[in-house]
Amino acid sequence: MSNYKRILLKLSGEALMGQYDFGYDPDVLSQVAQEIVDVQKTGVEIALVIGGGNLFRGQGLEEAGFDRVRGDQMGMLATVMNALAMQDVIQKLGAECDVLSALGIEQVGEKYSALSARAKLSDGRIVICAAGSGSPYFTTDTAASLRAIELQADLLLKATKVDGIYDSDPMKNSDAKRYDQLHYDDAINDRLGVMDLTAMVMCRDNNMPMCVFNMFDEGALTGVLDGKPVGTTVKV
């Protein structure tokens, strides 16, 4: 029995690349989708926010002189593509899944509304929130924090390629210390790079707990929801 009724899972677009340098790794999509469906079958209501970094990043365009707003809008469209890919795999596993986009793209998904998304979650449907917040200058981390708060989630989960938050980069420093628990103020003040500052402040100010964990450790998602010592928990 899960300790949480409703969660929001934030996936990076880069995670979907798996062994590749661009696009999708079908094995990764299948693994992630299966874990999501398995958890949803236990009665946990699940919403997703997926980044777009596997397909597009606006930073390079901005450095080349392109308009920032246009580049961010292109990045939002990349997240819509990822949402459709994940929706397809989830539906093939037999689960009901809807894409709600912050940008109006009626042919591929309905316009995002917090009330509509909450109703779908209550009806046992998986909801993928696409196109970030719909506004430029905001990351998908911030969009995930916003959606978690709007949807009244009990927990925001950030899936990464490492097993939690460290005091330095564990890929570069073999002596890096992993935290089991953190307070938002400490994560913010120590600039631990959990999420961008706006996202963390939003979670802190709205008392939204977060867990950072490695999605690719078998059983990690289930372990978090069962209250096992998986990843790093961040609270007020």
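See above for the structure.
What this report covers is the structure whose coordinates are included nearby. Everything quoted here is computed from the prediction, not taken from an experiment.

Conventions we followed
- Residues numbered from 1 in each chain as written.
- Predicted model: local features only at pLDDT ≥ 70, side-chain atom pairs only at ≥ 80, totals over all residues.
- Heavy atoms only, no water.
- Helix = DSSP H or I, 4+ residues; strand = E, 2+ residues; numbered from the N terminus.
- Rg over C-alpha atoms; globule rule 2.2 N^0.38 Å.
- Buried < 20%, exposed > 50% of the residue type's maximum accessible area, 1.4 Å probe, protein only.
- Contact = heavy atoms within 4.5 Å.
- Areas by Shrake-Rupley, 256 points an atom, 1.4 Å probe, with all protein chains shown as cover.
- Lys, Arg positive; Asp, Glu negative; His and termini not counted.
- Charge placed at Lys NZ, Arg CZ, Asp CG, Glu CD.
- Salt bridge = Lys/Arg side-chain N within 4 Å of Asp/Glu carboxyl O.
- 1 Å grid on protein atoms, 1.4 Å probe; cavity = no way out; pocket = protein on both sides within 12 Å on 5 of 7 lines; lining within 4 Å.
- Points joined across faces, edges and corners; volume = space filled by probe spheres on them.
- Nonpolar A, V, L, I, M, F, W, Y, C, P; charged D, E, K, R; others polar.
- Arc of directions from axis to C-beta.
- Disulfide = S-S within 2.5 Å.
- Pairing = 2+ DSSP bridges.
- Axes fitted to C-alpha atoms, helices over the stretch in contact; angles between N-to-C directions.
- Core = buried A, V, L, I, M, F, W, Y, C linked by side-chain atoms within 4.5 Å.

**Things to note about the overall build of the protein chain**
Looking only at helices and strands, the protein chain features 8 helices and 11 strands. For a compact globule of 236 residues, the expected C-alpha radius of gyration is about 18 Å, and the protein chain comes in at 17 Å, within 12% of that figure. Classification of the 236 residues of the protein chain by burial places 48% in the buried group. The contacts of the protein chain with a sequence gap of at least 6 include a subset with a gap of at least 24, amounting to 72%. Total accessible area computed for the protein chain in this model is approximately 11,500 Å², and 48% of it derives from carbon and sulfur atoms. Taking the 22 positively charged and 33 negatively charged side chains of the protein chain as two groups, their mean positions are separated by 4 Å.

**Here we look at the pattern of salt bridges**
Counted under the stated rule, the structure contains 13 salt bridges. Residues Arg125 and Asp98 are paired through a salt bridge, measuring 2.5 Å at the closest nitrogen-oxygen approach. Within this pair, whereas Arg125 is found in the loop between helix H4 (114-122) and strand E5 (126-130), its partner Asp98 is found in strand E3 (residues 97-101), the two being separated by 27 residues in sequence. Of the charged contacts in the structure, one is a salt bridge between Asp141 and Lys158, with a shortest N-O distance of 3.1 Å.

**Let's talk about the layout of surface pockets**
What the largest pocket holds in volume is close to 1,000 Å³. Lining the largest pocket we find 46 residues, and of these Glu14, Arg57, Thr139, Thr140 and Asp141 sit closest to its centre. Those elements that place two or more of their residues in the lining of the largest pocket are helix H2 (58-63), helix H3 (68-92), helix H5 (140-150), strand E6 (155-160) and strand E7 (165-166). Counting residues per element, the lining of the largest pocket draws most heavily on H3, which supplies 7 residues. Of the volumes computed, that of the second largest pocket is approximately 260 Å³. Along its surface, the second largest pocket is lined by 16 residues, and Gln181, Gly227, Lys228, Val230 and Thr233 are the ones closest to its centre. The class makeup of the residues in the lining of the second largest pocket is 7 nonpolar, 5 polar and 4 charged.

**Some words on H4**
Think of an α-helix as 3.6 residues a turn; residues three or four steps apart then line up on the same face. Inspection of H4 places Ala114, Ala117, Lys120 and Leu121 among the buried residues, and these make up the whole buried set. For H4, the arc enclosing every buried residue in end-on projection is 125°, short of the 170-degree limit, so these residues lie on one face. Close packing links the buried residues of H4 with strand E1 (6-11), strand E2 (45-50), E3, strand E4 (110-111), E5 and H5. Phi turns positive one or two residues past the end of H4, at Gly124, with a value near 85°.

**Some details on the state of the cysteines**
One pass over the structure, following the stated rule, counts 0 disulfides. Here Cys203 stays unpaired: no disulfide links it, and the sulfur of Cys211, its closest cysteine neighbor, is 13 Å away. Given the relative accessible area of 2%, Cys211 is considered buried.

**A look at the pairing of E6**
Counting buried positions along E6 gives 6 out of 6 residues, so the element sits mostly inside the fold. With burial as the criterion, each face of E6 is covered, one bearing Leu155, Leu157 and Ala159 and the other bearing Leu156, Lys158 and Thr160. Here 5 bridges tie E1 to E6, and the two strands are oriented parallel to one another. Bridged to Leu9 within E6 is Leu157.

**Topic: the sheet that holds strand E11 (residues 232-235)**
Read across the open sheet, the 9 strands follow the order E4-E3-E5-E2-E1-E6-E10-E11-E9; overall the sheet is mixed. The open sheet has two edge strands with one neighbour each: E4 and strand E9 (181-183). Docked against the sheet, H3 engages E1, E2, E3 and E5, running at close to 170° with respect to E3.

**Observations regarding the nonpolar core**
Ranked by size, the top nonpolar core spans 39 residues in total, and within it Leu9, Met86, Ile90, Leu157 and Phe213 carry the most contacts. Considering every element that reaches this core, the biggest residue donor is helix H1 (residues 26-41), with 7 residues. Once residues within four sequence positions are removed from consideration, Leu9 is found in contact with Ile36, Ala47, Leu48, Val49, Leu157, Ala159, Phe213 and Met215. Counting residues in hydrophobic clusters, the runner-up holds 31 residues, among them Leu8, Leu151, Ala153 and Leu192.

Take it as geometry only, folks, not as evidence of what the structure does.
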